[in-house]
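# Fold and geometry: a report
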Amino acid sequence: MDEVVEKHLIGDVVHVDGSPCLIQLRGEFDEANIAAVATAFSDAVAKGEDVTLALADVTFASSILLRALVRLQSDLADRGARVLLSNVSPVVTRLFDLTGTTALFCERS
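Residues numbered from 1 in each chain as written. Predicted model: local features only at pLDDT ≥ 70, side-chain atom pairs only at ≥ 80, totals over all residues. Heavy atoms only, no water.

At a minimum axis separation of 10 Å, helix 1 (residues 34–47) and helix 2 (residues 63–77) run at an interaxial angle of 10°. What the angle tells us is that helix 1 and helix 2 run roughly parallel. On helix 2, the residues touching Ile34, Val37, Phe41, Ala44 and Val45 of helix 1 are Ile64, Leu65, Ala68, Leu69, Leu72, Asp75 and Leu76. Its residues placed into classes, the contact of helix 1 with helix 2 shows 11 nonpolar, no polar and one charged. (Axes fitted to C-alpha atoms, helices over the stretch in contact; angles between N-to-C directions. Helix = DSSP H or I, 4+ residues; strand = E, 2+ residues; numbered from the N terminus. Parallel < 35°, antiparallel > 145°, perpendicular 65-115°, else oblique. Contact = heavy atoms within 4.5 Å. Nonpolar A, V, L, I, M, F, W, Y, C, P; charged D, E, K, R; others polar.)

Here's what the structure looks like:
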């Protein structure tokens with residue numbers, strides 16, 4: 001991975017700015033903390049490059065997180081970039097399976 005430019009903790013979101021852009025989500029995601037996710041995703045879209053989401057440490061994901069992920073994917077696609085998923089937790093895999101949204105995202109190891 002390239003040098004990390006900035007790293008800060010935003011609630012349950014560890015947002016690492018670098019090139020390529022990496023956002024690590026950790027913990028539970030619902031209406032109570034989606035604002036931190038939305039901010040991290042907006043910052044990533046502004047860069048206009050591919051975004052890797054590290055999802056291994058997500059322990060709960062409501063439909064509001066799914067909505068934010070789909071919007072991130074759409075916003076990046078409009079800029080010619082994409083969302084790459086890394087180490088997807090079983091919780092997130094189940095959410096994608098139940099909603100039929102797995103094919104929207106590219107998975108990387």
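Within a regular strand, the side chains alternate between the two sheet faces. The alternating pattern of strand 5 (residues 83–86) places Val83 and Leu85 on one face and Leu84 and Ser86 on the opposite face, and all of these are buried. The pairing of strand 4 (residues 51–61) with strand 5 spans four bridges and is parallel. Its bridge partner lying in strand 5, Leu53 is registered against Leu85. Regarding the hand of the β-α-β motif, the stretch spanning strand 4, helix 2 and strand 5 is right-handed. (Buried < 20%, exposed > 50% of the residue type's maximum accessible area, 1.4 Å probe, protein only. Pairing = 2+ DSSP bridges. Right-handed = clockwise from strand over helix to strand, strands pointing away.)

All right, on to unusual backbone geometry then. If you check the backbone angles, Asn87 has positive phi at about 50° while not being a glycine. Relative to the helices and strands, Asn87 resides in the loop between strand 5 and helix 3 (90–99).

This next bit is on the pattern of salt bridges. This model, assessed by the stated rule, comprises two salt bridges. Note that Arg82 and Asp50 form a salt bridge whose closest N and O atoms lie 3.2 Å from each other. Of this pair, Arg82 sits in the loop between helix 2 and strand 5 while Asp50 sits in the loop between helix 1 and strand 4, and the two are 32 residues apart along the sequence. Under the relative-accessibility criterion, Arg82 is labelled partly exposed at 39%. Residue Arg71 is joined to Asp75 by a salt bridge in which the shortest nitrogen-to-oxygen separation is 3.6 Å. (Salt bridge = Lys/Arg side-chain N within 4 Å of Asp/Glu carboxyl O.)

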